[in-house]
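This is what each chain is made of:
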Amino acid sequence: MELSLQVQRPFSYQAVFNHTTDCFKIKPFPGSFPFARTKLFTPWRSECPPIRLLHRVTASAADFSKRRQRRLSNSSSKGPAPKGFIPKKQVRTSTQRRDRKNIVEKDDSNIPPSSESVEPNKTEIESNIALEEESTIDLYQKNEVDEGEKEEPKEDIPSGGEELAFGQSNPNVETGRISKSHEDIAGLQKKETILTNDIVNTSRDVASEEKYLHVTETDDSVTIKDESLLSDEKIIEDASLKLKLEVEANLHKQEIEDLAEENLLRGKFFFVYPQIVKADEDIDVFFNRSFSTLNNEPDVLIMGAFNDWRWRSFTLRLNKTHLKGDWWSCQIHVPKEAYKMDFVFFNGQNVYDNNDRKDFCIPVEDGMDVFEFEDFLLEQKRKELEKLAKEKAEKERQEEEQRRIEAEKAASKAERAQARMETDGRREILQQLMKKAVRSVDNIWFIEPNEFKGVDKVKLHYNKSSGPLANANELWIHGGHNNWSDGLTIVEKLAKSKREGGDWWYAEFVIPDRALVLDWVFANGPPKFATMYDNNNYQDFHSIVPKSNPEDLYWVEEEHQIYRKLQEERKLREEAISAKAERTLKRFLLSQKHIVYTEPLDVHAGSTVTVIYNPANTPLNGKPEIWFSCSFNRWTHRMGPLPPQRMLPADNGSHVKATVKVPLDAYMMDFVFSEREDGGIFDNKGGMDYHIPVFGGIVKEPPMNIVHIAVEMAPIAKVGGLGDVVTSLSRAVQDLNHNVDIILPKYDCLNHSHVKDLHYQRSYSWGGTEIKVWCGKVEGLSVYFLESQNRFFSTGCVYGCGNDAERFGFFCHAALEFLHQGGFHPDIIHCHDWSSAPVAWLFKDHYMHYGPSKTRVVFTIHNLEFGVHFIGKAMAYADKATTVSPTYSKEVAGNPVVAPHLHKFHGILNGIDLDIWDPYNDKFIPISYTSENVVEGKRAAKEALQQRLGLKKSDLPLVGIITRLTHQKGIHLIKHAIWRTLECNGQVVLLGSAPDPRIQNDFVNLANQLHSSHGDCAHLCLTYDEPLSHLIYAGADFILVPSIFEPCGLTQLTAMRYGSIPVVRKTGGLYDTVFDVDHDKARAEAQGLEPNGFSFDGADSAGVNYALSR
């Protein structure tokens, strides 16, 4: 059979009929198909006019019938097939209605008779194609064509294009334009196609018409569900898209040829297409080798990147093109982040064409600008660092988890060993006690019933007349078990018994579970109210529990309970340490809140924060305007200082505020305040500026290398507060991720018990003397000990030798020589007081020029009372000078050695190490405590202190004094305070010694006098005792510091750390840290604090009396 079909559409034969087989043969023929509706396609470009193609689809009946039974049979059909069919009328879509406006059917006279197009032995097929709602085609085969069947009206088709006949080959359009000549069309090849479902797939335009498909066939009729209609539409769409792309490609090709010719004539050796380069698109780069230094090179490559060579580098090989001239090309994708493309050409080795070393560049449109790209890079860097940080954090977490598991195993093992040891000790004691225990004592006590066990209820009978409680009005039993292992577990009041033969009383109670032995005493009242006891002559009463559990089982349970208790205590300590770290950070962020703080309190990189400032108590108090000037990373940020901004009123009173966007690469926020935009009066925190740490930035603050050169260090070589500051300051700075080392003389009187991993490192010589270097860890700090062979530091003391200036001068020079020979290049060398003051000028005169000039010298005055000449010289040479409190800096500002250097002199308040002075983790006090149980903890410490020093156990006020006994510390006020405390019915404890033998002997005599007259209320310990100092801080109610002058003072800070109330004289750091409860409320409030102690002004007895009386 043979089917004829005319389709009018744009020129793309191959795109429509692309299935090849022997079953269907598609041939071009001049003419039209009577039942097919044709459609005129709108051209994409004006150069492509609509073209009408006439197609002829021929299928042999034999080929069709061979596949019909296999693919088209309908097993459900019964009986003979009808002669023909009429499909349901289709409801057209809006798209189809629009299509009809552009379609005109041609006159039937143009259709040649079917017999003209039928070859011999072929059956003519008359096809009607229709679309139904169910997308099905009912196809009936019949032997004859119904000639009387009426056709639908036709629409005229305008002759907008020529009728083209298909040749034997496909079109090959080089220029991107479609030729209208018959010669070009004759070059098309014939295609043999077959549809997958063995049904002729025509265009969607033909299939959308409501026509009939008449098939002449002798076999039974079949009905076919045409599932290919959707695929028909897809094929047509794909064909349209393909044709469109072919047309555009040819147009682009022509444009490129024109550009190549134009650039060739102008002598330009590269161009790009499209000529306007846009981000996130592909471009073609064309390079004329003959015009370049690469004209004799066989290979041509392009190497480049984007945005000044900072983004997406590439290296690609160029290929020879068909263009006229020696043009080579490659395709490059321009990323969406680009604003410029930079590149050079080369031969893959060492021959380059780089635009006379200026490189080639092309601007990119619709991408990022330079500033957006900078932010983008920072964001990418942040993400990269976040990823690396997460990976590192995960690795560290896993390592930390492994360490934690190992530490947990080790701690558990140690706790089990400790539990076993404690259990063995208790077992031994209890076994001795059980040997002495009895069931009753005649005429004194007995228990009913005679046989009992844990949880049994018993009666304990007591003969009141047998002991010291014969005249007591009440009788109570205070009892426990197993040598008081759980404290008081039995408290009952005794009742009068009717038993005769004495004054018998009894108490009923339940035997504690797991009790092996009962322990008790009798008293005349309940616990805390009893004043008289019968405790069996200080041995307590003990009774065996006859039917107790097996002893071995008890000790197994006891060991397990001790082990669990040790575990719980360790976990509580770990939680407290973690909580303390959080509190420390919070305390640091809030330390300036009375002047400035941020919302949120934690400043994070990439966020927006509000800075809130209170100008009261600052140089800007009362100014009509406040201006805020800010930068980052200690004023070194790439953006420089931000433009000053006028601060706006905040919600809370006199406060003002400003908003700042924190960059992603910030690690520190730096700012000052001023009265005008251009300056005027500044508040720059006394020349140090305000700084707030920034968290989560992609850049971390580079660590500084800091070296302390000092002659004291707590707790291994401590004489006064200098040693405490060297240790605590170094630990605090190290906690900020800086590198800290300490250089110290290797005294023969060092407390080696606090030095870990002490080992010999090396030796060097200076001044004809060999110096051995030892290294160890003290409180987590790296310490280098210098042992000179001239025995300068083998004197048994730190100070007190007649040649101290010579000894410490030698040490300072030796320390700098050690740094020089060891290759150390510290950022800061920090020297302290007169004893290491020579470091300042020795470094500047002898060592500064040997290493990097970045090293700066910081000198701290701890006490101007000693070595004024050395201090003055160090002040002149140091880059920065500090002292230990703001008030002391004002007090010494007029001194001739300080006054010329006020521009670099700052008072910075000292602090204490909260890890060392921590009542929760203090091994020298009986009960660990925090603010939540401070009353209980201090009561226990007070009792332990009274017991240790032989004082009367009572709740009287206890005044503690911990000091060096010098005139600076107000020794005449100390003596007066001792007698005044005793007059007020208080107790007093003093711990300290005097370097002056006369003062020491004076206090020895006072101690003997007090021991004779007030031995139960006063005790003087005239030596240094570290454990006792902790117990005094915890057990005292008040700590007295009556210094005549005090640069800072750490005693009052430690006292407050342990919950003791400081009583101080208003001077130096004592004034900066203690706020009187009656007179300093406003001053405390201005600094965001609360009153915390008592203070007095004068240096006479009246001031001490006033403070102690209150």
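We now turn to the structure provided with this report. (Residues numbered from 1 in each chain as written. Predicted model: local features only at pLDDT ≥ 70, side-chain atom pairs only at ≥ 80, totals over all residues. Heavy atoms only, no water.)

Considering the sheet that holds strand β22 (residues 495-496)
Alright, step 1. Pairing in this open sheet of five strands is antiparallel, and the strands run β17-β18-β19-β23-β22 from one edge to the other. The open sheet has two edge strands, β17 (440-441) and β22, and neither has a second partner. (Pairing = 2+ DSSP bridges. Helix = DSSP H or I, 4+ residues; strand = E, 2+ residues; numbered from the N terminus.)

Re helix α10 (residues 804-821)
Alright, step 1. With 18 residues, α10 extends 26 Å from end C-alpha to end C-alpha; this agrees with the ideal 26 Å at 1.5 Å per step.
Alright, step 2. The buried count for α10 comes to 13 of 18 residues, which makes it a mostly enclosed element.
Alright, step 3. Gly823 sits one or two positions beyond α10 and adopts a positive phi of about 75 degrees. (Expected span 1.5 Å × (residues − 1). Buried < 20%, exposed > 50% of the residue type's maximum accessible area, 1.4 Å probe, protein only.)

Looking at helix α12 (residues 838-847)
Alright, step 1. In terms of residue burial, α12 counts as a mostly covered element, since eight of its 10 residues are buried.
Alright, step 2. Listed in full, the buried residues belonging to α12 are Pro838, Val839, Ala840, Trp841, Leu842, Phe843, Lys844 and Tyr847.

Some words on the pairing of strand β35 (residues 679-683)
Alright, step 1. When strand β34 (residues 668-676) meets β35, the two strands line up antiparallel, connected through three bridges. Bridging from a neighbouring strand, Arg676 pairs with Gly679 of β35.
Alright, step 2. Between β34 and β35, which pair antiparallel and follow one another directly, the connecting turn spans two residues.

Considering the packing of helix α15 (residues 934-949) against helix α18 (residues 1026-1035)
Alright, step 1. Axis separation between α15 and α18 bottoms out at 8 Å; the angle between their running directions is 130 degrees. One element, α15, and the other, α18, form an angle in the oblique class. Remark: the crossing between α15 and α18 carries left-handed chirality. Residues Lys938, Ala941, Lys942, Ala944, Leu945, Arg948 and Leu949 of α15 touch α18, and the partners they reach there are Pro1027, Leu1028, Leu1031, Ile1032, Tyr1033, Ala1034 and Gly1035.
Alright, step 2. Here the contact of α15 with α18 is composed, by residue class, of 10 nonpolar, one polar and three charged. (Axes fitted to C-alpha atoms, helices over the stretch in contact; angles between N-to-C directions. Parallel < 35°, antiparallel > 145°, perpendicular 65-115°, else oblique. Left-handed = near helix turned anticlockwise from the far one by under 90°. Contact = heavy atoms within 4.5 Å. Nonpolar A, V, L, I, M, F, W, Y, C, P; charged D, E, K, R; others polar.)

Quick notes on the environment of Ile1044
Alright, step 1. Assignment of secondary structure puts Ile1044 in the loop between β49 (1038-1041) and α19 (1051-1057).
Alright, step 2. Expressed as a C-alpha distance, the spacing of Ile1044 and Ala1099, which sit 55 residues apart in the sequence, is 6.7 Å.
Alright, step 3. Excluding residues that lie within four positions of it along the chain, Ile1044 makes contacts with His967, Gln968, Lys969, Gly970, His972, Leu973, Arg1065, Thr1067 and Ala1099.

Here we look at the pattern of salt bridges
Alright, step 1. In this structure the tally under the stated criterion is 45 salt bridges.
Alright, step 2. Its salt-bridge partner being Arg646, residue Glu625 comes within 3.5 Å of it at the nearest N-O pair. Pair noted here: Glu625 is in the loop between β29 (608-613) and β30 (627-632) and Arg646 is in strand β31 (residues 645-646), with a separation of 21 residues, a long-range link.
Alright, step 3. Arg646 gets classed as partly exposed once you look at its relative accessible area, which sits at 46%.
Alright, step 4. In this structure, the salt-bridge partner of Arg1110 is Asp1076, at a minimum N-O distance of 2.8 Å. Of this pair, Arg1110 sits in the segment after α22 (1101-1109) while Asp1076 is found in the loop between α20 (1068-1073) and α21 (1081-1086), placing the two residues 34 residues apart along the sequence.
Alright, step 5. For Asp1076, a relative accessible area of 0% corresponds to the buried category.
Alright, step 6. A cluster of three or more residues bridged by salt bridges with shared partners is formed by Arg426, Arg514, Glu557 and Glu558. (Salt bridge = Lys/Arg side-chain N within 4 Å of Asp/Glu carboxyl O.)

Some words on the side chain of His461
Alright, step 1. With respect to the helices and strands, His461 occurs in strand β19 (residues 457-463).
Alright, step 2. For His461, the side chain forms a polar contact with the side chain of Glu448, separated by 3.2 Å.
Alright, step 3. Apart from the residues lying within four places of it in its own chain, the contact partners of His461 are Ile444, Trp445, Phe446, Glu448, Ser497, Trp504, Trp505 and Tyr506. (Polar contact = N/O pair within 3.5 Å; in protein donor to acceptor, adjacent residues only side chain to side chain.)

Quick word on the nonpolar core
Alright, step 1. Ile709, Met713, Ile716, Ile743, Leu786, Leu816 and Phe859 are the most contacted members of the largest nonpolar core, which has 61 residues in total.
Alright, step 2. When residues of this core are assigned to their parent elements, the largest contribution, nine residues, is made by α10.
Alright, step 3. Dropping the residues within four chain positions of it, Ile716 is found in contact with Leu744, Cys749, Leu750, Asn751, His754, Val755, Val778 and Phe785.
Alright, step 4. Counting residues in each nonpolar core, the second largest holds 29 residues, with Ile912, Leu1031, Ile1032 and Val1074 among its members. (Core = buried A, V, L, I, M, F, W, Y, C linked by side-chain atoms within 4.5 Å.)

Topic: unusual backbone geometry
Alright, step 1. Cis geometry is adopted by the peptide bond preceding Pro449, which originates at Glu448 and carries an omega value of -5 degrees.
Alright, step 2. You can see Pro449 is positioned in the loop between β18 (445-448) and β19.
Alright, step 3. In this chain, Glu599 is followed by Pro600 through a cis amide linkage whose omega measures 0 degrees.
Alright, step 4. If you check the backbone angles, Arg357 has positive phi at about 65 degrees while not being a glycine.

A few points about the packing of aromatic side chains
Alright, step 1. Applying the stated criterion across every chain, the model contains 46 aromatic pairs.
Alright, step 2. Relative to Phe373, the ring of Tyr339 lies with its centre 5.8 Å away and its plane at 70 degrees, an arrangement referred to as edge-to-face. Placement of the pair is Tyr339 in the loop between β13 (327-334) and β14 (340-346) and Phe373 in helix α7 (residues 370-436), with a sequence separation of 34 residues.
Alright, step 3. Taking the relative accessible area as the measure of exposure, Phe373 reaches 0% and is therefore buried. (Phe/Tyr/Trp six-rings, centres within 6.5 Å; stacked < 30°, edge-to-face > 60°.)

Some points on the packing of α12 against helix α13 (residues 868-877)
Alright, step 1. Relative orientation of the contacting elements α12 and α13 amounts to 45 degrees, with a least axis distance of 8 Å. As summarised for this structure, α12 and α13 are arranged oblique, according to the angle between their axes. Note that α12 runs across α13; the crossing there is left-handed. Judged by residue contacts, Ala840, Trp841, Lys844 and Asp845 of α12 engage Phe870, Lys873, Ala874 and Tyr877 from α13.
Alright, step 2. Residue classes in the contact of α12 with α13 are distributed as five nonpolar, no polar and three charged.

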